[in-house]
Amino acid sequence: MSSRAVRKLHGDSDLALLAPVEDDKESDISEDDGPAQPIKTKANLFELLGDDEGIVDDDIEEEEEKEDKKENTEPKSTGAVKKKRKKKKKKKANEKKEQKDEENNVDENPEDEIDASIREVNKILGPLPVTNGIMNTEEVPVSMGTRSLLSIEHKHLNPDNEMRRIFGSQVVRSEHRRKERRKNIQKSGWLVSPRPNWPPISKTGLSMTLGSSKNGYQYFNFEHSKEYQKVEFQFLDAVESYNPSNLISLVNMHPYHINSLLQLSEVCKMSEDLQMATELIEKALYCMEGSLHTLFNLAQGTCRLDYRHPENRALFLALFRHLVYIGNKGCYRTALELCKLLLGLDPNGDPICILLMMDFYAIRSEQYEYLIRLFNEWESHKNLSQLPNFAFSTALAHFHSNEDGGKKADSMLQEALIMFPSVLIGLLDKCSIQPDPLVASHPFFSASSHTSQPVALTQLVSLFIARNFSSWKVPEVMGWLERNVQEVLKRVDNKDPLVQNFRKKRLSRYQKAPRNIYRHLIMSEIKEALIGLPVELSNTPILSYDPLPPLDSIVSYTRPARQSRVQHDQSGALASFFQSLLPSYNPDAVADNNNVRGQGRGAEGGYMPEHANIREGIDALMNSMRDLLANVQSLQPEDDNEELEEVD
């Protein structure tokens, strides 16, 4: 304990008994300064720890004690000495406060301080394996310099934090104050912060159970209660009724029914109302996050969901659409974190094939080291080099990292060009760059020489070019690409054996894309990649709330048969897609010029008018949705006399 703390506790008189005996000269000088001022004594020793002007660093105490002795030898008044000390203490307190404010500038939520502390502890201790819900106390080898590739950082899940870094905290804070004047009493989640106009969540009937634990991973499943199952059946009836009022009534009665929110979000996107589409997806995520199991940890990447269960698919679909909306706003770092979260739910199956887009968000957010590490650690069992997006993006990440003088980047780019030569001309055309005549006419890179490549490979190449071309449009990147194209042409002309080896791989593989890639293509809605879908998908209904369900789905409950239900012929994938999106879409009315009325189409046995079409169905549904959201009452009554101050 420092001398200043002892003086506060015991007073000057007690301290004199503990001090060594000094010479008479120093005693005489100290007595001339006047009687000692009484100091307030604190009975509790722990009160000294909470005193703002209490215990300070030892070096500061020693300096102050030296200053006290110096001041005792000089003829200064006691008040001047105290004033000087208070000034120093106040200055140091202000410096500490400013330093603390700078540390908390990015995340102003006090909960983030706790999360940061937990993350620091986890870095030191490392994650412990979980077996049957009980922590294993055995010692685990910890790699101090690495973290799991699928671990999540809380602060990067919030797009507002990234917006603060891009535009500044003042701009984002002002925008929030303008939009949300009323206080929101609902608890914020990791994924979504609830809006003030959202109704409170009561018992939705959606829950999660822990299935099993194995090798440190936990497997969970969403479950629907009996009441939720009834709402699900009503939703299916509303979709089949071709009547938008039935779906709107269902959302009005059950505002947190997940599939209804996903369905309406797609309709809003078709009508170009992206703000409402985004809000509906956020509402679905907020409901599902509130239904997570207490042991389900979003941060560690060790919790699994089986996509074969229909109840689990909604979380995959909502996260995918949410990260796309976030990425379209320029929040690429947040979108990358959501990709890691989505991939961590099922990294082996990857049901929506997130690996086809992770490289894009890693490059755009300048997370080059993460992309390189992901490629190096997963290449052995995922064959990431056989995906055009990873082959080119990893080379680009090495180029931006500028390691070993760019030799690794050059080597990987040349191998990517030799393996996927059809990328070059399409990429240059998308970037509006005219290729060199020698390159365009060379049989290895010419477009006519790649007509025989498998359709699945053409789709992957088209997807990569359409999504990633903006990252290659940079002048220095184009110069780097041009230099390596010339080197590839030399290797081709010199008959490098790698060229023939990669050609055999290219023609033997990619004969048929797996179902998860087709699901990704459909959900991404990139037109260039949708060309050449297999014929078998043309007769498969593509439902927006469950696109291309797995063929080995595990169904926990079935829909009861209804006598009044009429089976309708499916007229191709396009008709099925519109049927899933638009309850008012009537394929018979569009195909039949005589407008033959379907019998028993509506939920009440009615039918749509003769003039019903797609656009009117969208408009009717959107108007009903706007009325529904506008009439939602706030949870907290507004004060009519409250004046809304303009935020500077």
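The residue numbering used here restarts from 1 in each chain and proceeds along that chain's sequence as written. Selection of residues for local features in this predicted model requires a pLDDT of at least 70, selection of side-chain atom pairs for listing and counting requires 80 or more, and totals for whole chains, interfaces and linings are taken over all residues. To obtain the side-chain values, all non-hydrogen atoms of the structure were used and water was disregarded.

Engineer: Before we move on, can you summarise the overall build of the protein with the specific residues and values?
Structural biologist: Helix and strand assignments follow DSSP, with helices taken as H or I runs no shorter than four residues and strands as E runs no shorter than two, numbered in order from the N terminus. Check the secondary structure of the protein and you find 27 helices and 5 strands. The buried label goes to any residue with under 20% of its type's maximum accessible area, the exposed label to any with over 50%, and the partly exposed label to all in between, with areas taken from a 1.4 Å probe on protein chains only. Burial statistics for the protein: of 648 residues in total, 43% are counted as buried. Look at the contacts in the protein between residues 6 or more apart in sequence, and 74% of them connect residues 24 or more apart. In what follows, a contact means two residues having at least one pair of non-hydrogen atoms within 4.5 Å.

Engineer: So what's going on with helix 13 (residues 332-345)? Which residues, and what values?
Structural biologist: Take the residue count of a helix, subtract one, and multiply by 1.5 Å to get its expected span. In this model, helix 13 (14 residues) spans 20 Å end to end at C-alpha, consistent with the 20 Å of a helix rising 1.5 Å per residue. Most of helix 13 sits inside the fold, with 14 of its 14 residues counted as buried.

Engineer: So what's going on with the packing of aromatic side chains? Residues and values would help.
Structural biologist: Two aromatic rings, drawn from Phe, Tyr or Trp (for Trp, its six-membered ring), form a pair once their centres lie within 6.5 Å of each other, and the interplanar angle then sorts them: stacked below 30 degrees, edge-to-face above 60, tilted otherwise. Throughout the structure, instances matching the rule amount to 14 aromatic pairs. Their ring planes at 80° and their centres at 5.0 Å tell us that F235 and Y545 sit as a pair that is edge-to-face. In this pair, F235 is assigned in helix 8 (residues 226-240) and Y545 in the loop between helix 24 (527-530) and helix 25 (572-581), connecting sequence segments 310 residues apart. Y545 gets classed as buried once you look at its relative accessible area, which sits at 12%. Measuring from ring centre to ring centre gives 5.9 Å for W472 and W480, while their planes differ by 15°; the resulting arrangement is stacked. Since its relative accessible area comes to 1%, W480 is described here as buried. Counted as over-ring charges are cases with an Arg CZ or a Lys NZ within 6 Å of the ring centre that also lie within 35 degrees of the ring normal. The aromatic ring of Y307 is capped on one face by R313, whose charged end is 5.7 Å from the ring centroid. A cation over an aromatic ring shows up here: K340 above the ring of Y370, its NZ or CZ 4.9 Å from the ring centre.

Engineer: Now, about the pairing of strand 4 (residues 217-224): what can you tell me, with residues and values included?
Structural biologist: Looking down a regular strand, the side chains alternate between one sheet face and the other. Burial along strand 4 is one-sided: the face carrying Q218, F220, F222 and H224 is buried and the face carrying Y217, Y219, N221 and E223 is not. DSSP calls a pair of strands paired once it identifies at least 2 bridges connecting them. Relative to strand 4, strand 3 (residues 206-214) is paired through 8 bridges, and the arrangement is antiparallel. Among the inter-strand pairings, K214 is bridged to a residue of strand 4, identified as Y217. Adjacent in sequence and paired antiparallel, strand 3 and strand 4 are bridged by 2 residues, among which N215 carries a positive phi angle near 55°. As paired elements, strand 4 and strand 5 (residues 303-305) share 3 bridges and run parallel to each other. Pairing of F220 across the sheet is with L305, part of strand 5.

Engineer: Run through the nonpolar core, naming residues and quoting values.
Structural biologist: Nonpolar core, defined: a set of buried Ala, Val, Leu, Ile, Met, Phe, Trp, Tyr and Cys residues in which side-chain atoms within 4.5 Å join the residues together. Ranked by size, the top nonpolar core spans 137 residues in total, and within it M288, F392, W472 and L481 carry the most contacts. Apart from the residues lying within four places of it in its own chain, the contact partners of L481 are L413, L417, L424, L427, L428 and W472.

Engineer: Please give an account of helix 21 (residues 475-493) that cites residues and values.
Structural biologist: One turn of an α-helix holds 3.6 residues; hence residues three or four places apart share an orientation. With 19 residues, helix 21 extends 27 Å between its outermost C-alpha atoms, agreeing within 8% with the 27 Å of an ideal straight helix rising 1.5 Å per residue. Within the span of helix 21, buried status applies to V477, M478, W480, L481, N484, V485, V488, L489 and V492. If you follow the buried residues of helix 21, they end up packed against helix 16 (388-401), helix 17 (407-419), helix 18 (422-430), helix 19 (437-441) and helix 22 (497-508). With its phi angle positive at about 55°, K495 sits one or two positions after the end of helix 21.

Engineer: Account for the sheet that holds strand 5, naming residues and giving values.
Structural biologist: Strand order in this open sheet of 3 strands is 3-4-5, and the pairing throughout is mixed. The open sheet is flanked by strand 3 and strand 5, the only strands paired with a single partner. Ignoring which end each strand starts from, the neighbouring axes of this sheet average 35° apart. Throughout, an axis means a line fitted to C-alpha atoms (over the contacting stretch in the case of helices), and angles, computed between N-to-C directions, take values from 0 to 180 degrees. Against the sheet, helix 12 (residues 310-328) touches strand 4 and strand 5, its axis set at about 105° to strand 4.

Engineer: Run through the packing of helix 14 (residues 355-364) against helix 16, naming residues and quoting values.
Structural biologist: Each pair of packed helices can be summarised by the angle the axes make with each other and by the distance between the axes. It is at 9 Å that the axes of helix 14 and helix 16 come closest, and there the two elements cross at 20°. Judged by the angle between their axes, helix 14 and helix 16 are roughly parallel. Crossing geometry of helix 14 relative to helix 16 is assigned as left-handed. Each of L355, L356, M357, D359 and I363 in helix 14 lies in contact with helix 16, whose residues at this interface are N389, F390, S393, L396 and A397. Gly counts as polar in this scheme, as do all residues outside two lists: the nonpolar Ala, Val, Leu, Ile, Met, Phe, Trp, Tyr, Cys and Pro, and the charged Asp, Glu, Lys and Arg. Of the residues contributing to the contact of helix 14 with helix 16, the split by class is 7 nonpolar, 2 polar and 1 charged. For classification purposes, an angle smaller than 35 degrees is called roughly parallel, one larger than 145 roughly antiparallel, one from 65 to 115 roughly perpendicular, and anything else oblique. Crossing handedness is read from the near helix: turned anticlockwise from the far helix by less than a right angle, it gives a left-handed crossing, and turned clockwise, a right-handed one.

Engineer: Describe the pattern of salt bridges, with residues and values.
Structural biologist: Between side chains of opposite charge, pairing is possible as soon as their charged atoms come close. One side-chain nitrogen of Lys or Arg within 4 Å of one carboxyl oxygen of Asp or Glu is enough to make a salt bridge. Taken as a whole and assessed by the stated rule, the structure comprises 15 salt bridges. Across the salt bridge formed by E266 and R321, the nearest N and O atoms sit 3.5 Å from each other. Placement of the pair is E266 in helix 10 (residues 258-270) and R321 in helix 12, with a sequence separation of 55 residues. A residue is classified by how much of its surface remains accessible, and E266, at 4% relative accessible area, is buried. For R373, the salt bridge is made with E377, and the minimal N-O distance between the two is 2.7 Å. Placement of the pair is R373 and E377 together in helix 15 (residues 368-382), with a separation of 4 residues, close to one helical turn. For R373, a relative accessible area of 25% puts it in the partly exposed group. Residue E377 is classed as partly exposed on the basis of its relative accessible area, which comes to 38%. A cluster of three or more residues bridged by salt bridges with shared partners is formed by E266, K269, R321 and E525.

Engineer: An account of the side chain of D350 is needed here, citing residue identities and associated values.
Structural biologist: Mapping D350 onto the fold places it in the loop between helix 13 and helix 14. Charge convention: Lys and Arg are scored as positive, Asp and Glu as negative, and His as well as the terminal groups of each chain are ignored. It turns out D350 is buried and unbridged, and the closest side chain with the opposite charge, K382, is 5.8 Å from it.

Engineer: Just give me the short version of the packing of helix 16 against helix 20 (residues 455-468), but keep the residues and values in it.
Structural biologist: As a packed pair, helix 16 and helix 20 sit with axes 9 Å apart at the nearest point and diverge in direction by 40°. For the element pair helix 16 / helix 20, the angle class is oblique. Of the residues in helix 20, those in contact with P388, N389, F392 and S393 of helix 16 are L457, L460, V461, F464 and N468. By residue class, the composition of the contact of helix 16 with helix 20 is 6 nonpolar, 3 polar and no charged.

Engineer: A description of the environment of L427 should follow, citing residues and the corresponding values.
Structural biologist: Tracing the chain through its elements places L427 in helix 18. We classify L427 as buried; its relative accessible area is 2%. Sequence spacing of L427 and F469 is 42 residues, and the spatial spacing of their C-alpha atoms is 6.4 Å. Discounting chain neighbours no more than four positions away, the residues touching L427 are I465, F469, W472 and L481.

Engineer: So what about the environment of H224? Which residues, and what values?
Structural biologist: Topologically, H224 is positioned in strand 4. Note: C-alpha distance between H224 and S556 (332 residues apart in sequence) is 9.4 Å. With near-sequence residues (within four places) excluded, H224 lies in contact with G205, L206, Q229, E311 and Y557. Definition of a polar contact: a pair of N or O atoms within 3.5 Å, with one able to donate and the other able to accept a hydrogen when the atoms are protein atoms, and with sequence-neighbouring residues admitted only if both atoms are side-chain atoms. A polar side-chain atom of H224 sits 2.6 Å from a polar atom in the side chain of Y557.

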